[in-house]
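Coordinates in review
Next come the chains, spelled out residue by residue.
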2 protein chains.
Amino acid sequence: MDTLDTQDIAAYMNRVGAAARSAATAMAAASTAAKNRTLLALARLLRENGPALDAANARDLDAASAAGLAGPMLDRLKLGPKVVATVAEGCEQLAAMPDPIGEITQVKRRPTGISVGQMRVPLGVFGMIYESRPNVTIEAASLAIKSGNACILRGGSEAIHSNLALWKLVQVALVEAGLPATAVQLVETTDRAAVGRLIAMPEFVDVIIPRGGKGLIERISAEARVPVIKHLDGNCHTYVDAQVDIAQALVVTDNAKTQKYSPCNATESLLVHADQAAAFLPRIGAIFAAKGVEMRACPRAQAILSDVSGATVVAAVESDWAEEYLAPVISVKVVDSLDEAIAHINRYGSHHTDAILTTNHPHAMRFLREVDSASVMVNASTRFADGFEYGLGAEIGISTDKFHARGPVGLEGLTSMKWVVLGQGEIRQ
Amino acid sequence: MDTLDTQDIAAYMNRVGAAARSAATAMAAASTAAKNRTLLALARLLRENGPALDAANARDLDAASAAGLAGPMLDRLKLGPKVVATVAEGCEQLAAMPDPIGEITQVKRRPTGISVGQMRVPLGVFGMIYESRPNVTIEAASLAIKSGNACILRGGSEAIHSNLALWKLVQVALVEAGLPATAVQLVETTDRAAVGRLIAMPEFVDVIIPRGGKGLIERISAEARVPVIKHLDGNCHTYVDAQVDIAQALVVTDNAKTQKYSPCNATESLLVHADQAAAFLPRIGAIFAAKGVEMRACPRAQAILSDVSGATVVAAVESDWAEEYLAPVISVKVVDSLDEAIAHINRYGSHHTDAILTTNHPHAMRFLREVDSASVMVNASTRFADGFEYGLGAEIGISTDKFHARGPVGLEGLTSMKWVVLGQGEIRQ
């Protein structure tokens, strides 16, 4: 920060980019042992440096309070012993995972005599752009280390002191393990021009991963000159089919909507087959009413739900079908067929996560295949759409794109497969 | 063509895009049998309609001759019975291949009770932009059909009548098999504005695949608002290591350079370890001299090669190391180590295909891992980098990017993996 000539952000970012590109070569060749040593050292350093981290975090918290930031914003900014313990544990879990890099798969002997397979290799350099939560600094750094990538981190200006303190520990861990400190770099300026440059240097950066509000992500996607692994919104559906275990459907739908309102994998829209509307809607309506969940309903659903005592039911308008509430609000629609349910989801959904609750096997299979979303589920809560729940060990983001990585993105999303040909002097005829 | 209001290209392309998006839904759900029936019908129609195709092709050839197009350009434009037979056979081969769509892999039971796996699904809609060769129309259409995608084809204006005639057969085959004719659409206007629109409608098109000259591809990449599967150039290297079977290395290097000069996987640069320079260079130099291959050499290579009788040897300049000659020209450099070879390739190469010729196993493994190219080879000719040689059955292009698809792109490159969760009423705790 102190040494940075802010007059020349482009030159600074070029230096950061060139250093990352160079570190990426070393990281791609790094041994599994060196990468795991780094992660274990980082976990240790995080545990040993609580007071220093607290002091840095306090500077950010004080500044945020002085600037009048609201409670939830301060919560996200807070590091504290529990958050530090969690990220330290995350580093240890990553160290314990198999190294994805160098794995050669699907080797097949071809008629010409050559053997052709694929090798998993790092993407190279990723840029991570995120807001408030300083723990993302460690999550991104540790995923970069394990996957053999270099990364350039650009956190929110409100967390700059926390991020700098955490980054210092990452650098110590890297150097201790014999890896380049520049494998993980934090953008030391809070100047916004640095982001503009970070997303537009394909010569240094292979992919950008933004985490934050929809506005931030849309802006980055529109302006980036490199691929973006992005997640815009999660308008997730739960569809209750004509043939269904109603007791189970009540439990799952309740969980999908109310277990937590803020995550992107919470259900925002409930579709119910007409054959089950009379049986299912009054009971789920009573559950929602008891929890204070407002229902925005189609006319048929409204006619049924209006009889539920204590329920807040309003007529849904067109925009409700596309909305991600992240709140105790759900849209409810009665449909006449599986086809209608699938068409509705593909039209209004955000291609994030959608579930069918059914006992009909062909319907389950059609839903899995035809709903065009990153995660499709049968008889399970949409809340399961998560890297940890899927067994990825860690998650750098959730992608609602189809290209490259889809859904929860773990280590594999930070890699690519190159072709490997093993010959004994074969030539092309 | 005749019905098109060229005043309103954007509106026309929007109609084409919306129709493709809609057809993509049907194609994603299409049965393997229907897709294979379409491919077999198309093969039959191609064989039955030789005269009509010849007539359409003759219109393009006449116009091209009248416009003074050169011989190689006319060759590429020519359809003829042999080309038609080849693409018909390609359709039959695709029909015989396993259907990649719907395959569910890596299903694992999680501690919560849910089973999590991945299902291969089509990307949706791809746009293909290509020049002269009309056979690409059938190659792209058949890959789209087998992979369950819809596609929008934009061929060169010089091939418009051939492409329209071929496309008509594709539509007949689709309808015969009960699939939407709009699954494959050809842009019927030769107006350039149509390309500008095609690459900038993310709501309708998921990926663009350009095939053609470097200028075309760079322009499209710069302007596209959707992902591009692209291949810019193939500056491929063959590196002769310190420990090597010289007789084998001569055969492989000769093949890699001279079997054909124009393909992107031909070797353009030869690196030789200093320990082998005196033994290897005079012999490969004699082979190149006999075939009229000009050598652009570093000073050390030049000193040795200058003694080869009949050889054309000139001093290499900096730009030679980065150049894709596609001609009987090769750059030659003596290096002092494997490290220097790898660094040179990563710096000057185009990340397409590079080979090491060696008997040293650790060197082979390091080369495979550390050379950052789509295809890396040991003791084989770079000319093997090809979808058919790799067993992909068909190839829609070769990608020199790392994101999504890398190297030869076949059916799988036109698909993505979505997450599938199978539960029995599990909820998130």
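Since the structure is predicted, the reported quantities are computational estimates derived from the model, not experimental observations. (Residues numbered from 1 in each chain as written. Chains lettered and ligands numbered in written order. Predicted model: local features only at pLDDT ≥ 70, side-chain atom pairs only at ≥ 80, totals over all residues. Heavy atoms only, no water.)

**Focus on the relation of the copies chain B and chain A**
Which entries qualify depends on this criterion: Each copy is superposed on the other by least squares, with the fit set by C-alpha atoms of residues at a pLDDT of at least 70 in both. Between two residues, a contact is recorded if the distance between any of their heavy atoms is within 4.5 Å.
Expressed as a screw operation, the relation of chain B to chain A combines 0.0 Å of axial shift with a rotation of 180 degrees, fitting to an RMSD of 0.1 Å. Taken together, the rotation and translation relating the two chain copies correspond to the operation of a two-fold axis. Closest approach to the rotation axis among the C-alpha atoms of chain B is made by B:His404, whose C-alpha sits 2.0 Å away. The fraction of interface residues of chain B whose copies in chain A are also interface residues reaches 100%, indicating that both copies meet through the same surface.

**Brief notes about the interface of chain B and chain A**
Often the size quoted for an interface is simply the accessible area lost on bringing the parts together. Counted only if it meets this: The term buried area denotes the loss of accessible surface (1.4 Å probe radius) that occurs when two parts are joined, taken as the sum for both partners. When a carboxyl oxygen of Asp or Glu lies within 4 Å of a side-chain nitrogen of Lys or Arg, that pair is called a salt bridge. The definition of a polar contact used here is a pair of N or O atoms within 3.5 Å, where within protein one atom must be able to donate a hydrogen and the other to accept one, and adjacent residues in sequence count solely through side-chain atom pairs. We count a stretch as a helix when DSSP gives it H or I for four or more residues in a row; a strand needs E for two or more, and each element gets its number in order from the N terminus. Each residue is assigned to one class: nonpolar for Ala, Val, Leu, Ile, Met, Phe, Trp, Tyr, Cys and Pro, charged for Asp, Glu, Lys and Arg, and polar for all the others, Gly among them. Should DSSP find at least two bridges between two strands, the strands are taken to pair.
Contacts between the two partners involve 64 residues from chain B and, on the opposite side, 65 residues from chain A. Approximately 5600 Å² of surface area, both sides summed, lies buried where chain B meets chain A, with 57% of it carried by carbon and sulfur atoms. The three residues of chain B that bury the most area against chain A are B:Phe403, B:Trp419 and B:Arg428, which together make up 18% of that side's buried surface. Taken together, the links from chain B to chain A amount to four salt bridges. B:Glu389 is the salt-bridge partner of A:Arg428, the closest N and O atoms lying 3.1 Å from each other. Applying the counting criterion to the chain B and chain A interface returns 46 residue pairs in polar contact (both at pLDDT 80 or more). By residue number, the principal contributor to the side of chain B that touches chain A is strand 16 (residues 415-426) of chain B, which donates 11 residues. Of the residues contributing to the side of chain B that touches chain A, the split by class is 33 nonpolar, 18 polar and 13 charged. Pairing of strand 13 (residues 375-380) of chain A with strand 16 of chain B involves five bridges; the strand directions are parallel. Each bridged residue has a counterpart across the sheet, and for A:Met377 the counterpart in strand 16 of chain B is B:Val421.

**Describing the side chain of B:Lys230**
Residue and element names in this part refer to chain B. Threshold: Buried residues are those whose accessible area, probed at 1.4 Å on protein chains only, stays under 20% of the maximum for their type, while exposed residues exceed 50% and partly exposed ones sit between those limits.
Along the polypeptide, Lys 230 turns up in the loop between helix 9 (214-223) and strand 7 (236-240). Lys 230 gets classed as buried once you look at its relative accessible area, which sits at 17%. A distance of 3.0 Å separates a polar atom in the side chain of Lys 230 from a polar atom in the side chain of Asp 401. Leaving out residues up to four positions away in the same chain, Lys 230 has contacts with Pro 210, Ile 217, Ser 221, Ile 398, Ser 399, Thr 400 and Asp 401.

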